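Here's the letter readout for the chains.
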Number of protein chains: 2
Amino acid sequence: MPKSSKKELNREGLLNQGVVFFMNQGYHGTGLQEILDAVNVPKGSFYNYFSSKEEFGAAVIQHYIEPFISRLSTHLQQSGSDALGAIRRYFDELIVELEENKFKGGCLLGSLMGEIGSTSDVCQQSLQSAIARYRDLLQSGLAQAQQQGSVRTDKTPEEMADLLINTWQGALLRMQIEKSSAPVKQCCHDLLDDFFIR
Amino acid sequence: MPKSSKKELNREGLLNQGVVFFMNQGYHGTGLQEILDAVNVPKGSFYNYFSSKEEFGAAVIQHYIEPFISRLSTHLQQSGSDALGAIRRYFDELIVELEENKFKGGCLLGSLMGEIGSTSDVCQQSLQSAIARYRDLLQSGLAQAQQQGSVRTDKTPEEMADLLINTWQGALLRMQIEKSSAPVKQCCHDLLDDFFIR
DNA sequence: TCATTAAAAACGACCGGTCGTATTTTTAAA
DNA sequence: TTTAAAAATACGACCGGTCGTTTTTAATGA
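### As for the relation of the copies chain A and chain B
- After a rotation of 180° and a shift along the axis of 0.0 Å, chain A superposes on chain B with an RMSD of 0.1 Å. Put plainly, the chains are arranged around a two-fold axis.
- When the interface residues of chain A are mapped onto chain B, 100% of them again fall at the interface, so both copies present the same face.

### Details of the environment of Ile-87 of chain A
All names here are of chain A.
- Of note, Ile-87 is situated in helix α5 (residues 83-100).
- For the pair Ile-87 and Leu-72, spaced 15 residues apart in sequence, the C-alpha to C-alpha distance is 7.3 Å.
- Once residues lying within four places of it in the same chain are set aside, the contact partners of Ile-87 are Leu-76, Leu-138, Gly-141, Leu-142, Leu-164 and Leu-192.

### So, the interface of chain A and chain B
- Each side of the interface is counted separately: chain A has 44 residues, and chain B has 44 residues.
- Note on chain A versus chain B: buried area summed over both sides is about 3700 Å², and carbon and sulfur give 52% of it.
- Across the salt bridge formed by Lys-155 of chain A and Asp-190 of chain B, the nearest N and O atoms sit 3.1 Å from each other.
- Taken together, the links from chain A to chain B amount to 19 residue pairs in polar contact (both at pLDDT 80 or more).

### Side note on unusual backbone geometry
- The backbone of Asn-40 of chain A shows a phi angle near 55°, a positive value even though the residue is not glycine.
- The residue Asn-40 of chain A is located in the loop between α2 (32-39) and α3 (46-49) in this model.
- Here Asn-40 of chain A falls in the exposed class, since its relative accessible area comes to 70%.
- Positive phi values are uncommon outside glycine, yet Lys-102 of chain B reaches one of about 55°.

### Focus on the protein's contact with DNA strand D
- Taken together, 14 residues are adjacent to DNA strand D, and Leu-32, Lys-43, Tyr-47 and Lys-53 of chain A together with Lys-7 of chain B come closest.
- By atom count, sugar and phosphate contribute 59% of the portion of DNA strand D lying within 4 Å of the protein.
- Contact distances for DNA strand D include 3.4 Å between a base nitrogen and a backbone N or O atom of Gly-44 of chain B.
- One of the side-chain N or O atoms of Asn-48 of chain B is found 3.0 Å from a base nitrogen in DNA strand D.
- Here the surface near DNA strand D takes four residues from helix α3 (residues 43-49) of chain B, the largest share from any one element.

### Observations concerning the pattern of salt bridges
All names here are of chain B.
- Within this structure, the stated rule accounts for 32 salt bridges over all chains.
- The residue Arg-71 makes a salt bridge to Glu-93 at a minimum N-O spacing of 2.6 Å. Highlighted residues: Arg-71 in helix α4 (residues 53-78) and Glu-93 in helix α5 (residues 83-100), separated in sequence by 22 residues.
- The exposure class of Arg-71 is partly exposed, given its relative accessible area of 24%.
- The exposure class of Glu-93 is partly exposed, given its relative accessible area of 33%.

### Some details on α2 of chain A
- Of the residues making up α2 of chain A, those classed as buried are Leu-32, Ile-35, Leu-36 and Val-39 of chain A. The buried residues of α2 of chain A occupy an angular sector of 95° when projected down its axis, which confines them to one face.

### Describing the side chain of Ser-120 of chain B
- Tracing the backbone shows Ser-120 of chain B in the loop between α6 (108-116) and α7 (121-147).
- The buried category is assigned to Ser-120 of chain B, whose relative accessible area is 7%.

Calculation criteria
Along each chain, numbering runs from 1 in the same order as the chain's sequence is written. For naming, the first written chain is A and the first written ligand is 1, with later ones following in the order written. In view of the model being predicted, local features appear only for residues whose pLDDT reaches at least 70, and side-chain atom pairs are presented and counted only at 80 or more, with totals across whole chains, interfaces and linings using the full set of residues. Note that water and hydrogens are dropped before the side-chain values are worked out from all heavy atoms of the structure. A least-squares fit on C-alpha atoms brings the copies together, and the residues used are those whose pLDDT is at least 70 in both copies. Whether two residues are in contact is decided by their heavy atoms, any of which lying within 4.5 Å being enough. Secondary structure is summarised from DSSP: a helix means a run of H or I of at least four residues, a strand means a run of E of at least two, and numbering begins at the N terminus for each. What counts as buried area is the accessible surface, traced by a 1.4 Å probe, that two parts surrender upon association, with contributions from both included. Here, a salt bridge means any side-chain nitrogen of Lys or Arg that lies within 4 Å of a carboxyl oxygen of Asp or Glu. Polar contact criterion, stated in full: a pair of N or O atoms within 3.5 Å, where within protein one must be able to donate a hydrogen and the other to accept it, and residues adjacent in sequence count only if both atoms are side-chain atoms. Burial classes follow relative accessibility: with a 1.4 Å probe on protein chains only, a residue under 20% of its type's maximum area counts as buried, one over 50% as exposed, and anything between as partly exposed. One heavy atom suffices: a residue is near a molecule or strand as soon as one of its heavy atoms comes within 4 Å of it. In this context, the arc is that of the directions from the helix axis out to the C-beta atoms.

Written as structure tokens, this is what we have:
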């Protein structure tokens, strides 16, 4: 086995487990040891992969958002003349997975925004860029939908993308403590089937 | 000074500082010692006031929501025939204060929902009841506004109250990392000046 | 052989919580 | 009303453990 790929494999494993633990227990609620044990990486080796827990956190954030961007991007590319439908189907997919996970977790970005968004500059910047990338993609999808006539044009795509992201985040928090998918479903219905339509 | 009130005073001080620290640094990011030092209460005395950090957290949550409920309640009572205006003015007030605080903090409920909403049963229940109380009040205000003809009646007050709370929470998270009041302003405008009106 | 990297061991600081004890407050009997 | 017993509170030292990080040693590759 090539040595360089094993290191990359370990790094990937750390990031994956970082997502899981940070999501379930929060940033300060998760010790490096837990993550390291889950990937069988010695504690002393951690700093060969990341320079600090904070930098690790920032990397986890970027690692977390990637699949969401690529999935939404795929949906948008597939459905040529129905961008709004693509967005609907994308969120419906997410809701199904949330239900499968019994409403544990929610969104790592939302949780970390509240926990360390104001205290860690490094993570704050990572959160900023992650959300900006996500927002830009959603915005382009809504712009498509506007051109296709399925979404109101008296609001900018940016405004609607921000509103959708923010409401989704709030609904995810709510879902966690209500242990119900009603908030996220309501969120999608209110915005995608009503407010965004004119 | 009556001695019995000193205990109540200490307890109150602990709760107040608990709100501040939990909001700025999160639950796991805040040590009891920090809070105790801020109120000049010895470590050993803490457990005369609260049985554990977790129970303390649950109490802090209830302590936090109280002023918001009474403030919104006051606004609703004052403006007899303009419940929607009362809600608008209430949130406008909050926005001003958020700007004064330079967007540090946000909402304790939102932060704690993400951080410990899934791990601490005690705090989860406290969050549930706090939000339910807040939601019920907002719901009654929206119902008034419906009867007054200023809010659409094809959606239930409960649905709109939930949507407003969730969007507000998400916007507060967003505000923290963007260091701008634009998200919360947008949230109020989109819902209170558009979506709720028909 | 000698740099470079992985891993083990150790670091001090701090965590939430407990302990014994001193002091105060409450209760109830005298 | 006084007094004794009991319950509650105040307090700081201290518990075992874990935190994130650093230093030191072992292994590896050129």
